[in-house]
Amino acid sequence: MICKERFERENISIKLLNIAFVDDSCSWWWWTNLIGIYLFGFIGLIGNFICFLVIHLKSSNHQSFLVYLRCLCLFDFLTLFFEILQSSNDFSIYLFERMFLNFGNSFVCKCYDYIRYSITLLSSWTIVSLTIDRLILVCQPFDSIWPNFSRRYSNPSNAKRVLSILIISSFLINIPELISKEWICRNEKICRCRISSRISRMKLKYLIEWNTYIYHLLIHTLIPTMILLISNIAILKSLYKPRQIISNQNESIRSRLTLTLSLISICFVFLYFPYGIVQTISYLLIQNVKRHCNVGLILNLHKLKRLTELLNIIALGINFYFYILGIRQYRNATLRMLKLNYFIKTDEPICSSTFQRNHFTRSNANDRSSSLKLLRVTLSAEPSSFIKSN
C-alpha cells in the first residue's frame, strides 16, 4: 500500500512499473542485449568452430595448451549456442507470445538447465586451467622443490586429467539445478523452468544462498578472477624481465604465444566476470529495493544485467580472433584451410609445415651437390689446359 501511494505521488506509469517488476522486454537495453547476442553470438560460433578445426586438424597433440584451447573452443561454442537459444525464446515470446523452447515437462527442462549451467562453468574454468598451465611452464614456481615439475605438469596427458576433473566437478556443483527446478506455467502460453513452489522454506533459503554466494560470487566470479589476475601478472613479469637476447626462433614464437594467451585471459576477466558480480549484487539488493519501492534502482540493475550479459557474450566470441590474428603460424593455417592462400605472406620467417622444411633442405642439398660437381669439372680441366698452354 505504501508503494502504491509512492508510485501515484511520483506519477510512475504502469508501463515503467511493468518493466521494473515484471518484464523488461521492448526496453532499449533489452533490444541492445538481443541484437548484440545475435551479432556477437554468431560471430563467436563461427570463430570458435574455425579455431577448433584449425587446432584439431593442423596442429600436433604434443603441447598441453592445445588440449585446453581445443576444449575452450568447444565449451565457448556450446555456451554461445545456449545463449542464442535463450534469446530466441525471449524474442519469440515478445513477438508471437509463444515459446521457442517449449519443453513440456519438468524432466527435460531440468536436464536443459543442468547441462547449460555446467557448460557455462566449464567455459570459465577451462581458461583458468590454461592460464595455470602457462604459469607453471613459464615461471616454473615449483621446479626448485620438485625438479622438472613444469614438464611433468604441462603435457597433454596431464591436461586431459585436469579437464576430466573439471567436467566431473562442474556437473556435481550444478546438481541443485536437477533437484530444485520444475516446469511452471503462468498461463497457457508462457511457461518457464523455475524453482519448485513445493520446496520448503528452509530448502528455498539454502538454494538462494547457494546460488548467490557460492555459485555466482565465489565459484563463478571471485575465485577465477583472482587466479587469472595473479597468474597473468606473474606471467607478464616473467616475460618482460631483463634477460639475455633470445636468438632461438622457437623461443620467440613461444613468447608471442604466451603473450597472446595472457591477453585472451585478461580480456576474459574484464568482459566475462562483471555479469556475475552484477548478478550477485542484484540478489543481495532485491529484497531491500522491493521494500523501499525504489523503481529507479531496479531499472538500473536491469540495465547493468543486460549490458554485462552482452559483454559476457563478447568475451566468449573473441578468443578465436585473438589467437588466430596474434600468431602468424596459426593465422596462415586458417587461411589455408579456408582456401585464402592469396592473403598468406610469403616472406614469413616461420616454416609452418614439414613440407616447407624438407623442400628447403632438399634445395640446399642440391645446390651443394651442384657446386661440388662444378668444382670437380674445373679441377679436372686445369691440367689439360696447362699442357696446351706450354
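These notes cover the structure that comes with them. (Residues numbered from 1 in each chain as written. Predicted model: local features only at pLDDT ≥ 70, side-chain atom pairs only at ≥ 80, totals over all residues. Heavy atoms only, no water.)

The subject of this paragraph is the pattern of salt bridges. Under the counting rule described, the total for this entry stands at six salt bridges. The residue Lys-181 makes a salt bridge to Asp-113 at a minimum N-O spacing of 3.3 Å. Here Asp-113 lies in helix 5 (residues 106-139) and Lys-181 lies in strand 1 (residues 181-185), a separation of 68 residues in the sequence. For Lys-181, a relative accessible area of 10% translates into the label buried. Taking relative accessible area as the criterion, Asp-113 reaches 6% and is therefore assigned buried. (Salt bridge = Lys/Arg side-chain N within 4 Å of Asp/Glu carboxyl O. Helix = DSSP H or I, 4+ residues; strand = E, 2+ residues; numbered from the N terminus. Buried < 20%, exposed > 50% of the residue type's maximum accessible area, 1.4 Å probe, protein only.)

Take a nonpolar patch on the surface next. On the surface, a cluster of nonpolar side chains totalling about 500 Å² of accessible area is made up of Trp-31, Ile-35, Tyr-94, Leu-95 and Phe-96. Looking at the nonpolar patch, the elements that each hand over two or more residues are helix 3 (28-58) and helix 4 (64-96). Sort the elements by how many residues they give to the nonpolar patch and helix 4 lands first, with three residues. Inspection of the secondary structure puts Tyr-94 in helix 4. (Patch = residues over 30% accessible without salt bridge, like charges linked within 9 Å, V, L, I, M, F, W, Y side chains within 5 Å. Areas by Shrake-Rupley, 256 points an atom, 1.4 Å probe, with all protein chains shown as cover.)

So, about the state of the cysteines. A covalent bond bridging the sulfur atoms of two cysteines is what the word disulfide describes. Within this structure, the stated rule accounts for two disulfides. Across the disulfide, Cys-109 is cross-linked to Cys-193 (sulfur-sulfur distance 2.2 Å). Taking the sign of the torsion about the S-S bond as the criterion, the disulfide between Cys-109 and Cys-193, at about 60°, is right-handed. Of this pair, Cys-109 sits in helix 5 while Cys-193 sits in strand 2 (residues 191-195), and the two are 84 residues apart along the sequence. (Disulfide = S-S within 2.5 Å.)

Below, the discussion takes up helix 5. Over its 34 residues, helix 5 runs 49 Å from end to end, which matches the ideal 50 Å to within 8%, given 1.5 Å per residue. Taking the backbone nitrogen of Phe-107 as reference, a side-chain oxygen 3.2 Å away marks Asn-105 as the first, capping residue of helix 5. Directly after helix 5, the chain includes Gln-140, whose backbone phi takes a positive value near 50°. (Expected span 1.5 Å × (residues − 1). Polar contact = N/O pair within 3.5 Å; in protein donor to acceptor, adjacent residues only side chain to side chain.)

Tallying each qualifying case throughout the model produces 18 aromatic pairs. When the centroid spacing of 5.5 Å and the interplanar angle of 80° are considered together, the rings of Phe-82 and Tyr-112 count as edge-to-face. Of this pair, Phe-82 sits in helix 4 while Tyr-112 sits in helix 5, and the two are 30 residues apart along the sequence. Each residue in the set Phe-81, Phe-82, Phe-103, Tyr-112 and Trp-183 is aromatic and connected to the rest through ring pairs, giving one cluster. The ring of Tyr-117 is capped by Arg-116, whose NZ or CZ atom sits 4.7 Å from the centre of that ring. (Phe/Tyr/Trp six-rings, centres within 6.5 Å; stacked < 30°, edge-to-face > 60°. Lys NZ or Arg CZ within 6 Å of the ring centre and 35° of its normal.)

Another point: helix 7 (residues 156-173). With 18 residues, helix 7 should cover 26 Å at 1.5 Å per step; its first-to-last C-alpha distance of 26 Å lies within 8% of that length. Listing the buried residues of helix 7 in full gives Pro-156, Asn-158, Ala-159, Val-162, Leu-163, Leu-166 and Ser-170. All buried residues of helix 7 project into a common sector of 155° when viewed along the axis, lining one side. The exposed set on the far side of helix 7, more than 90 degrees from its buried face, consists of Lys-160, Ile-165, Ile-168 and Leu-172. Residues of helix 7 that are buried make contact with helix 4, helix 5 and helix 6 (149-153). For helix 7, the capping residue at the N-terminal end is Asn-155, with a side-chain oxygen 3.2 Å from the backbone nitrogen of Ser-157. (Arc of directions from axis to C-beta. Contact = heavy atoms within 4.5 Å.)

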